[in-house]
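A structural walkthrough
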Amino acid sequence: MSRIKNLGEFEILVLAALIRLGPDAYGVTIRKEIEKRASRSVSIGALYSTLSRLEEKRYVASRVGEATSERGGRAKRHYVIKAEGQAQLEKSIRALGSMLKGLDPWPKTLKMRETAVPVRR
Amino acid sequence: MAKDTEDARNRSTSTPLGSPKVARALLAFIMDAADKAVLIGDLEEEFRLLSRHSQRNAQSWYWHQIMRSAPHLILKRLRSLKMQQLGLALAALLSAFLLIYYWDIWVARSAARTFSAMTNASSYFFSRAVYLLVQMVGVAIGGGLIAIFTFRAEMPFFKNIACRLAPAGLIVFAPTFLAMINPADNYPLSFRLLWLSLAVPSLIGGARGGVWLQSRRS
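Residues numbered from 1 in each chain as written. Chains lettered and ligands numbered in written order. Predicted model: local features only at pLDDT ≥ 70, side-chain atom pairs only at ≥ 80, totals over all residues. Heavy atoms only, no water.

So, the overall build of chain A
Each helix and strand in chain A was counted, giving five helices and two strands. Scanning chain A from its N terminus toward the C terminus, one meets helices and strands in the order α-α-α-β-β-α-α. Residues counted as buried form 36% of the 121 residues belonging to chain A. (Helix = DSSP H or I, 4+ residues; strand = E, 2+ residues; numbered from the N terminus. Buried < 20%, exposed > 50% of the residue type's maximum accessible area, 1.4 Å probe, protein only.)

Set out below in structure tokens:
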């Protein structure tokens, strides 16, 4: 069995956001996309730290875009997911899916676990 | 309701506030040069959007972002430090530490004793002066070593002093400071002040010398 180096939860969210946004993906839009869809507050530092890690792993690529006045004359950095990143995302989601398979329906499974654990008095 | 009215009044009457300068400076300090402009640009863009509705909320959002981002950015910066650079910095600290202390024990004290013996002078003042003078030569060499191994050529000299020499100097001289404030050692206050006022320029002078040597070598 080949060893799969799975992505972390936040890395999955970031890669999925890159796929959704396509060429419009940069810091502000990625952060907003994750906040909107995952209902999760994201700090800009956590996002850039993750993007830089993904770039080191060669799952994403970046390029510096144009400077605009609403950014105080500073440039944007656009990110795009690479084929390796997409393959890794698929692997991670598949691994997650196989772990969750058969656990349906959730409430029943959780109820079974609660009764299976003996209560020590 | 009252807050909304106040914000509306702010929008209509006052000039728009910029993003918090202190927060921006803090961010610039902890970030590496490569990402600084992009990240500050992102924050600026969102800040401007938010400040259209409420300047106060925009300012607090900005600070909140900085506070939450700082740990991630510091960790990222530490990860990006090359192990070789870290090793060199530690080697410089250790050698400066050893040099200054052995210089003190072997060279500075011996020089003071030899001076007293040669001049046959029993003057406490002159032997202390020779001791201090020779000790400061050691401090300057220590400063030079720290500069050669830790200073970055692309940084201005005074930024190197603030970010590298000052913390390194504090580490190297911490035991000396502690010894000097120890009442058991019975150093007079004037000697402590004199030592400090000589050590700081000696360290910076040594660092300047180290930078000069390095520029000549390259």
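Remarks on the overall build of chain B
Counting its regular elements, chain B contains eight helices and zero strands. Of the regular secondary structure in chain B, the N- to C-terminal order runs α-α-α-α-α-α-α-α. Expressed as a percentage of its 218 residues, the buried residues of chain B come to 34%. When contacts within chain B are restricted to residue pairs at least 6 apart in sequence, long-range pairs at least 24 apart make up 70% of them. Surface summary for chain B: the accessible area is close to 13200 Å², and the carbon and sulfur share equals 68%. (Contact = heavy atoms within 4.5 Å. Areas by Shrake-Rupley, 256 points an atom, 1.4 Å probe, with all protein chains shown as cover.)

Observations regarding the pattern of salt bridges
Residue and element names in this part refer to chain B. For the structure on display, the rule yields eleven salt bridges over all chains. The residue E44 makes a salt bridge to R24 at a minimum N-O spacing of 3.9 Å. Here R24 lies in helix α2 (residues 21–30) and E44 lies in helix α3 (residues 33–51), a separation of 20 residues in the sequence. Given a relative accessible area of 6%, E44 falls into the buried group. (Salt bridge = Lys/Arg side-chain N within 4 Å of Asp/Glu carboxyl O.)

Description of the interface of chain A and chain B
Interface size, as often reported, equals the accessible area lost upon joining of the parts. Of the residues lining the interface, 23 residues belong to chain A; the matching set on chain B comes to 22 residues. When chain A packs against chain B, the two sides together hide about 2000 Å² of surface, and 51% of this comes from carbon and sulfur. Of all residues in chain A, I44, Y48 and R74 of chain A give up the largest surface area on contact with chain B, accounting jointly for 27% of the area buried on that side. Taken together, the connections running from chain A to chain B amount to three salt bridges. For R71 of chain A, the salt bridge is made with E45 of chain B, and the minimal N-O distance between the two is 2.9 Å. In this structure, the connection of chain A to chain B is made through ten residue pairs in polar contact (both at pLDDT 80 or more). Among the secondary structure elements, those contributing two or more residues to the side of chain A that touches chain B are α2 (27–38), α3 (44–56) and β2 (74–81) of chain A. (Buried area = accessible area lost by both parts, 1.4 Å probe. Polar contact = N/O pair within 3.5 Å; in protein donor to acceptor, adjacent residues only side chain to side chain.)

Overview of the packing of aromatic side chains
Counted under the stated rule, the structure contains five aromatic pairs over all chains. Note on Y48 of chain A and Y79 of chain A: the rings are 6.4 Å apart at their centroids and 65 degrees apart in plane angle, and the pair reads as edge-to-face. Of the two residues, Y48 of chain A sits in helix α3 while Y79 of chain A sits in strand β2, which places them 31 residues apart along the sequence. A ring pair is formed by F157 of chain B and F158 of chain B, whose centres lie 5.5 Å apart and whose planes are at 75 degrees; its orientation type is edge-to-face. Directly above the ring of Y26 of chain A sits K76 of chain A, whose terminal nitrogen or CZ lies 4.4 Å from the centroid. The ring of F157 of chain B has R208 of chain B lying over it, and the distance from NZ or CZ to the ring centre is 3.9 Å. (Phe/Tyr/Trp six-rings, centres within 6.5 Å; stacked < 30°, edge-to-face > 60°. Lys NZ or Arg CZ within 6 Å of the ring centre and 35° of its normal.)

A short note on unusual backbone geometry
Residues and elements named next belong to chain A. Even without a glycine there, the phi angle at S39 is positive, about 50 degrees. Here S39 lies in the loop between α2 and α3. With relative accessibility at 66%, the residue S39 sits in the exposed group.

A word on the nonpolar core
L15, L18 and I30 of chain A together with L27, L39, L43 and Y62 of chain B are the most contacted members of the largest nonpolar core, which has 37 residues in total. When contributions to this core are tallied by element, the ones reaching two or more residues are α1 (9–21), α2, α3 and β2 of chain A together with α2, α3 and α4 (55–80) of chain B. For this core, the element with the most residues is α1 of chain A, which contributes seven residues. Residues in contact with I30 of chain A, not counting those within four places in the same chain, are A17, L18, L21, A25, L47, L51 and Y79 of chain A. Judged by nonpolar contacts, the second largest core, of 25 residues, contains V134, A147, A168 and L203 of chain B. (Core = buried A, V, L, I, M, F, W, Y, C linked by side-chain atoms within 4.5 Å.)

Considering the environment of R24 of chain B
Residues and elements named next belong to chain B. Residue class for R24 comes out partly exposed when judged on its relative accessible area of 23%. Expressed as a C-alpha distance, the spacing of R24 and K36, which sit twelve residues apart in the sequence, is 9.9 Å. Those residues in contact with R24, other than ones at most four positions away along the chain, are S19, I40, E44 and Y62.

A closer look at α3 of chain A
Residues and elements named next belong to chain A. Taking 1.5 Å per residue as the helical rise, α3 with its 13 residues ought to reach 18 Å, and the 18 Å between its terminal C-alpha atoms agrees with that figure. The buried fraction of α3 is high, at ten of 13 residues. By the burial criterion, the buried members of α3 are I44, G45, A46, L47, Y48, S49, T50, L51, S52 and L54. In the stretch just after α3, R58 is the one whose phi turns positive, near 65 degrees. (Expected span 1.5 Å × (residues − 1).)

Some details on the confidence of the model for chain A
Of all residues in chain A, 81% have pLDDT values of 70 or greater, and the mean over the chain is 84. When the elements of chain A are averaged for pLDDT, helix α5 (residues 106–116) of chain A gives the smallest value, 57, and α1 of chain A the largest, 95. (pLDDT = per-residue confidence, 0-100.)

Some points on the layout of surface pockets
Where empty space is left becomes clear once a probe the size of a water molecule has been rolled over the atoms. Of the pockets and cavities examined, the second largest pocket occupies roughly 220 Å³. Secondary structure elements with two or more residues in the lining of the second largest pocket: α3 and β2 of chain A together with α3 and α4 of chain B. Ranked by residues supplied to the lining of the second largest pocket, first place goes to α3 of chain A with five residues. (1 Å grid on protein atoms, 1.4 Å probe; cavity = no way out; pocket = protein on both sides within 12 Å on 5 of 7 lines; lining within 4 Å. Points joined across faces, edges and corners; volume = space filled by probe spheres on them.)

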